[in-house]
Amino acid sequence: MNQALSDLLDLLDLEQIEENIFRGQSRSAVVPRVFGGQVAAQALVAAGRTVPADRHAHSLHAYFLRPGDPGAPIVYTVERIRDGRSFTTRRAVAVQHGRPIFALSASFQLDEEGLDHQAPMPAAPDPATLPTSADRFRGYGHLAPAVVEKFLEAREAIDLRYVEEPPFGRFGEPREPHSQVWFRTNGKLDDDPLLHVVLATYVSDMTLLDSVLLAHGRGGWAVGDVVGASLDHAMWFHRPFRADEWLLYDQESPSAHGGRGLGQARIYTQDGSLAISVIQEGVVRVPRAD
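In the annotation of an unreviewed UniProt entry, the entry for the chain reads Acyl-CoA thioesterase II, and the organism field reads Streptomyces sp. 900105755. Database annotation for the chain, UniProt heading Sequence similarities (unreviewed entry): "Belongs to the C/M/P thioester hydrolase family."

Chemist: Lay out the overall build of the chain in plain terms, naming residues and giving numbers.
Modeler: Helices and strands together make up the secondary structure of the chain, namely six helices and twelve strands. Overall, the chain is about 55 × 45 × 40 Å in size when its C-alpha atoms are taken along their principal axes. Burial statistics for the chain: of 290 residues in total, 50% are counted as buried. Put simply, the chain shows about 13,900 Å² of open surface, and 49% of that area lies on carbon and sulfur atoms. A distance of 5 Å separates the average location of the 28 positive side-chain charges in the chain from that of its 38 negative side-chain charges.

Chemist: Residue-level account of the nonpolar core, with values.
Modeler: Ranked by size, the top nonpolar core spans 67 residues in total, and within it Leu8, Tyr76, Phe102, Leu104, Ile158, Leu199 and Ile276 carry the most contacts. In contact with Leu8, not counting residues within four places along its chain, are Arg27, Ala157, Ile158, Leu199 and Tyr202. In terms of nonpolar packing, the next biggest core, distinct from the first, is built from eight residues, Ala119, Trp182, Trp246 and Leu274 among them.

Chemist: So what's going on with helix 1 (residues 3-12)? Which residues, and what values?
Modeler: What helix 1 keeps buried is the set Ala4, Leu5, Leu8, Leu9, Leu11 and Leu12. Viewed end-on, helix 1 has its buried residues packed into an arc of 155°, placing them on one side of the element. The exposed set on the far side of helix 1, more than 90 degrees from its buried face, consists of Gln3 and Asp10. Turning to helix 1, the residues buried within the fold contact helix 2 (36-48), strand 7 (158-162), strand 8 (178-185) and helix 5 (193-207).

Chemist: Give me the lowdown on the pattern of salt bridges, citing residues and values where you can.
Modeler: For the structure shown, the criterion picks out eleven salt bridges. Residue Arg138 is joined to Asp135 by a salt bridge in which the shortest nitrogen-to-oxygen separation is 2.4 Å. Look at Arg138 and you get exposed, because its relative accessible area is 63%. The shortest N-O distance in the salt bridge between Arg161 and Asp159 comes to 3.0 Å. The class of Asp159 is buried, set by a relative accessible area of 9%. What emerges from the salt-bridge pattern is a single network uniting Lys188, Asp191, Arg242 and Asp244.

Chemist: Tell me about the side chain of Gln96, and name the residues and values.
Modeler: Residue placement: Gln96 occurs in strand 5 (residues 87-96). Take Gln96: its relative accessible area is 4%, and that puts it in the buried class. Among the polar contacts made by the side chain of Gln96, one reaches the main-chain amide nitrogen of Asp69 at a distance of 2.7 Å.

Chemist: Summarise the sheet that holds strand 5; cite the residues concerned and give the values.
Modeler: Reading across from one edge, 1-2-4-5-6-3-9-12-11-10-8-7 is the order of the twelve strands in this open sheet, with antiparallel pairing throughout. The open sheet terminates on both sides in strands that have one partner only, identified here as strand 1 (15-18) and strand 7. Shown here is a sheet whose adjacent strand axes are inclined to one another by a mean of 25°, direction ignored. By the bridge criterion, ten bridges tie strand 9 (residues 227-237) to strand 12 (residues 274-285) in an arrangement that is antiparallel. Paired with Gly228 across the two strands is Val284, which belongs to strand 12. Together, strand 3 (55-64), strand 7, strand 8, strand 9, strand 10 (247-257) and strand 12 form the strand contacts of helix 5, whose direction differs from that of strand 9 by roughly 145°.

Chemist: Let's hear about unusual backbone geometry: which residues, and what values?
Modeler: Notably, Asn20 is not glycine yet its phi reads approximately 70°, a positive angle. The topology assignment puts Asn20 in the loop between strand 1 and strand 2 (21-24). Phi at His97 is positive, roughly 55°, even though this residue is not glycine. Along the chain, the position of His97 falls in the loop between strand 5 and strand 6 (99-110).

Chemist: So what's going on with the packing of helix 2 against helix 5? Which residues, and what values?
Modeler: In contact at an axis separation of 7 Å, helix 2 and helix 5 are set at 155° when each is read in the N-to-C sense. Relative to helix 5, the element helix 2 is oriented roughly antiparallel. For the pair helix 2 and helix 5, the crossing hand works out as right-handed. Counted together, Gly36, Gly37, Gln38, Ala40, Ala41, Leu44, Val45 and Gly48 of helix 2 and Leu194, Val197, Val198, Thr201, Tyr202 and Asp205 of helix 5 form the full contact between these two elements. Its residues assigned to classes, the contact of helix 2 with helix 5 shows eight nonpolar, five polar and one charged.

Chemist: Account for the UniProt feature "domain: Acyl-CoA thioesterase 2 C-terminal" (unreviewed entry) in the chain, naming residues and giving values.
Modeler: UniProt's feature table lists "domain: Acyl-CoA thioesterase 2 C-terminal" (unreviewed entry) at residues 172-283, given in the numbering used throughout. Annotated as residues 172-283, this span is 19% helix and 45% strand, and its ends, taken at the C-alpha atoms, are 20 Å apart.

Chemist: Talk me through the UniProt feature "domain: Acyl-CoA thioesterase-like N-terminal HotDog" (unreviewed entry) in the chain; I want residue IDs and the actual numbers.
Modeler: Taking the numbering used here, the UniProt-annotated feature "domain: Acyl-CoA thioesterase-like N-terminal HotDog" (unreviewed entry) corresponds to residues 33-109. Structurally, residues 33-109 comprises 17% helix and 53% strand, and the distance from its first C-alpha atom to its last is 33 Å.

Chemist: Report on the pairing of strand 9, specifying residues and quantitative values.
Modeler: By the bridge criterion, five bridges tie strand 3 to strand 9 in an arrangement that is antiparallel. Within strand 9, the position partnered with His61 by the bridge is Ala234.

Definitions and limits used
- Residues numbered from 1 in each chain as written.
- Predicted model: local features only at pLDDT ≥ 70, side-chain atom pairs only at ≥ 80, totals over all residues.
- Heavy atoms only, no water.
- UniProt positions renumbered as here; feature names shortened; annotations may be inferred.
- Helix = DSSP H or I, 4+ residues; strand = E, 2+ residues; numbered from the N terminus.
- Buried < 20%, exposed > 50% of the residue type's maximum accessible area, 1.4 Å probe, protein only.
- Areas by Shrake-Rupley, 256 points an atom, 1.4 Å probe, with all protein chains shown as cover.
- Lys, Arg positive; Asp, Glu negative; His and termini not counted.
- Charge placed at Lys NZ, Arg CZ, Asp CG, Glu CD.
- Core = buried A, V, L, I, M, F, W, Y, C linked by side-chain atoms within 4.5 Å.
- Contact = heavy atoms within 4.5 Å.
- Arc of directions from axis to C-beta.
- Salt bridge = Lys/Arg side-chain N within 4 Å of Asp/Glu carboxyl O.
- Polar contact = N/O pair within 3.5 Å; in protein donor to acceptor, adjacent residues only side chain to side chain.
- Pairing = 2+ DSSP bridges.
- Axes fitted to C-alpha atoms, helices over the stretch in contact; angles between N-to-C directions.
- Parallel < 35°, antiparallel > 145°, perpendicular 65-115°, else oblique.
- Left-handed = near helix turned anticlockwise from the far one by under 90°.
- Nonpolar A, V, L, I, M, F, W, Y, C, P; charged D, E, K, R; others polar.

Take a look at the structure:
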């Protein structure tokens, strides 16, 4: 395990300060606010710690309400909505400076047998044949060195490999609104299922709106030709997976309108099992000068 992954795990390991109340630290991201994936992951940790260990997260639905302050801790309050025979529901709210910045509802379920089918895994190259983020970013001379450094620092705990050029790698003309990345943690994790779900939640906010940018030939926040932020986020965890083994994040955008863009995705294990479905909407605005 590299130091960056160890630091990330420490960041996600919340302090319990009262029953149903937890405190997490925060840190800056590529943009000057707390990374949305961090808040979502921490909120899921808080919710999960109030649930029996034999019930595993199967879905979450969340809203990003305000930008997070990277210089201040975040307090998470958990409401125990329901404890049923098979399902447990929790609501977690993240608070900074006395105001909510994020709200999450999550559901957990006992393992059980049932009907089984899935959409097939799309074609994708072997991740071992793709350049690492560090190798790919070295070829982006059009990006400011400080931007490259922030991107690489933000992804140092995660081995994330683009199948094709990301929006900020080649922009100026529209492309198909479809993007694929492979990802896994840069080190082995223990066997706690919640930890793997939390790490996948963290990564899921990194690239999902890329396909919106591709459709319009925009490079994104890294080059300054759009401004934006996540609005809401939903995930369904279908089958067991490990975040320290390769996962294919297959993403597309069916719509952009009214200053908002929608991204939807499926996450597959390397052997073709559909592990997660994801949908996110975000603010995607063209600067007024354009």
